[in-house]
There are 2 protein chains.
Amino acid sequence: MEMTDLLTFSTVARLGGITRAAEELNTVQSNVTQRIKALEAEIGTALFERHSRGMTLTGAGRRLLPYAQRMAALSREAVLAARDDGEPKGPLSIGSMETTAAVRLPTLLAEFHRRYPAVRLTLRTATTADLVAAVLDGSLDGAFVAGPIEHAELAATVAFTEELVLVTAQRWTSLAALRAGTPESGPTALVFRTGCTYRQRLEQVFTEFGWPSAVRFEFGTLDGMIGCVAADMGVTMLPRAVVERDHVHRDVNIHKLKAPHAHVETLFIQRRTAHQYSALQGFLACLDQQEASAAA
Amino acid sequence: MEMTDLLTFSTVARLGGITRAAEELNTVQSNVTQRIKALEAEIGTALFERHSRGMTLTGAGRRLLPYAQRMAALSREAVLAARDDGEPKGPLSIGSMETTAAVRLPTLLAEFHRRYPAVRLTLRTATTADLVAAVLDGSLDGAFVAGPIEHAELAATVAFTEELVLVTAQRWTSLAALRAGTPESGPTALVFRTGCTYRQRLEQVFTEFGWPSAVRFEFGTLDGMIGCVAADMGVTMLPRAVVERDHVHRDVNIHKLKAPHAHVETLFIQRRTAHQYSALQGFLACLDQQEASAAA
DNA sequence: CCTGATTACGAAATACGTAATAATC
DNA sequence: GATTATTACGTATTTCGTAATCAGG
């Protein structure tokens, strides 16, 4: 049960074919075939069903796959843990919602880089759902997501508290005006791609206003979305701090929401079982300090 | 990061030397040296400190070791999971307290073997503390231990409920007689080796009787202990069912205890994260059925 | 000198790559 | 005939084992 074999196995399983896997692994078909056959011989059962358009997992293969993935993740982590002598350095992958990345992270990341220049930090923005999955499977060391999160394998700390506001074009001076000036079915909702938590909040508010599930447009970036709100394509819901950044807040109006919808906590999540990397600890220290100075 | 290298690494770490490791791994010194050097080169730091009487782990080595062990455990489990097609078969390691093994398991294991002859079941008796550790590190698939157990990684179900009784030699006809006939410091306590839960209960009862922490003798086996109780070497605490087995209950007296001490639940524990082996599922099915028929 | 780790080097095993083959659509 | 997996076989790399060497007590 060598790691090389497990990696080829995972790759074939993911790409559904030996040819494609060989390409990704920078080797040739015959080699991949042999590695798979070696694994099958060792385990004593077929892992793939061969058919003309590639390979699909058998039952045994499906049972093996999660082990192969966990072992690969452990292997990566093991190297980092062994190298980690307490001095923050090496790679650190952080995830964030688009909104948090826009307003909260710039100063935090700058400070982090100033203090620990040896850490190669990479930031990935995605929706809360994607980020949670990425932290769980080890492809991110930690992430900023919208609370609440309840998961046995995740440790979460409150990083920021945001006030959610409804954002409309300039011409809507109040919520009442908006309600009066829109059709029965309500305004168009502009939302992030599936998995975004703010989107769910927006749907709750729409329901409360008596607007049926409205037409939605999905965006991948924050700036695109705000631009379209300014052009009165529709409305959206965002943290107040995001909207109040200089270059956008003059083109839109913000509207306070009632208490149950108004607040959302941004959590920093990490895996409980992961090694406490020095780099990650350093990041948490920066975060704590920023919180403390913000509170003062 | 190949498994072979990690296995040699673990072995050298455990045995503290390349020569001893080579012997256990059925290979030669030079080979072990090379595998270790390959790992060190891959990780980029020394994993052992070399000194004249062998090798000891460096900090990096200590950080790597738990990963190596977890990966080895996963590797073993992966093979079993892949091979497990739903038909109970293959190896199954169950642990049990000595007392449970004596009175509860014989019929259960017989029934299990009748239903699933393809499973090679091995039983290991040890104390609750040892069993919990063994289940956690994967060397046991499940175990019968004394409750309560609270651990995030363990799933526990109540398997049996036992009435704990104080066991003395024949001549002590009542608790009162025992208290009158023993010195100020109380009778000698006969207990299992460290880690046994019944032992803790016994200490509580002794404290309640005003006996200071009494002289204790430790035993490894149930029969040895009961034999010594019969010979009036001391007293012990055991489930009633254990004592009432035919061949011992004539030589000793049993004494009921007050409610808080009287009952203890025997739990069956297993790891939450482990693959649900068919063999283990079959075992649980047998257990459920025995419970149901006992209740009827 | 004895124990135990490392180095050197040839032998064996294994993995890899090229190319031909088979199978399926 | 295009796509994809397998087989055959030669080459390259890696691992393994023997034996010599080095280091510490």
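Refer to the structure printed above.
Report follows, based on the coordinates. Here the structure is a predicted model, which means the values were calculated and not measured.

1. Topic: the overall build of chain A
Working step 1: For chain A, the count of helices and strands is 13 helices and 11 strands.
Working step 2: Based on the C-alpha atoms only, the size of chain A along its principal axes is roughly 70 × 50 × 30 Å.
Working step 3: In chain A, which comprises 296 residues, the share counted as buried stands at 49%.
Working step 4: Across chain A, the fraction of contacts at a sequence separation of at least 24, relative to all contacts at a separation of at least 6, is 75%.

2. Structural notes on the interface of chain A and chain B
Working step 1: Counting from both sides, the interface comprises 25 residues of chain A and, opposite them, 25 residues of chain B.
Working step 2: The largest share of the area that chain A buries against chain B comes from Arg63, Tyr67 and Leu74 of chain A, three residues that together contribute 26% of it.
Working step 3: The interface formed by chain A and chain B includes 0 salt bridges.
Working step 4: The interface formed by chain A and chain B includes 16 residue pairs in polar contact (both at pLDDT 80 or more).
Working step 5: Secondary structure elements with two or more residues in the side of chain A that touches chain B: helix 1 (3-15), helix 3 (29-43) and helix 4 (59-83) of chain A.
Working step 6: With 14 residues, the top contributor of residues to the side of chain A that touches chain B is helix 4 of chain A.
Working step 7: Class assignment of the residues belonging to the side of chain A that touches chain B gives a composition of 12 nonpolar, 5 polar and 8 charged.

3. Focus: the protein's contact with DNA strand C
Working step 1: Lining the immediate environment of DNA strand C, one finds 21 residues, of which Thr27 of chain A together with Ile18, Thr19, Lys37 and Arg50 of chain B sit closest.
Working step 2: Within the contact set of DNA strand C, a base oxygen lies 2.9 Å away from a side-chain nitrogen or oxygen of serine 30 of chain A.
Working step 3: Taking isoleucine 18 of chain B, its main chain carries an N or O atom lying 2.8 Å from a phosphate oxygen of DNA strand C.
Working step 4: Every element with two or more residues in the surface near DNA strand C is listed here: helix 3 of chain A together with helix 2 (18-24), helix 3 (29-43) and strand 2 (54-57) of chain B.
Working step 5: Among the elements that line the surface near DNA strand C, the one with the most residues is helix 3 of chain B, at 5 residues.
Working step 6: Taken together, the residues of the surface near DNA strand C sort by class into 3 nonpolar, 13 polar and 5 charged.

Conventions adopted
Residues numbered from 1 in each chain as written. Chains lettered and ligands numbered in written order. Predicted model: local features only at pLDDT ≥ 70, side-chain atom pairs only at ≥ 80, totals over all residues. Heavy atoms only, no water. Helix = DSSP H or I, 4+ residues; strand = E, 2+ residues; numbered from the N terminus. Buried < 20%, exposed > 50% of the residue type's maximum accessible area, 1.4 Å probe, protein only. Contact = heavy atoms within 4.5 Å. Buried area = accessible area lost by both parts, 1.4 Å probe. Salt bridge = Lys/Arg side-chain N within 4 Å of Asp/Glu carboxyl O. Polar contact = N/O pair within 3.5 Å; in protein donor to acceptor, adjacent residues only side chain to side chain. Nonpolar A, V, L, I, M, F, W, Y, C, P; charged D, E, K, R; others polar. Near = heavy atom within 4 Å.

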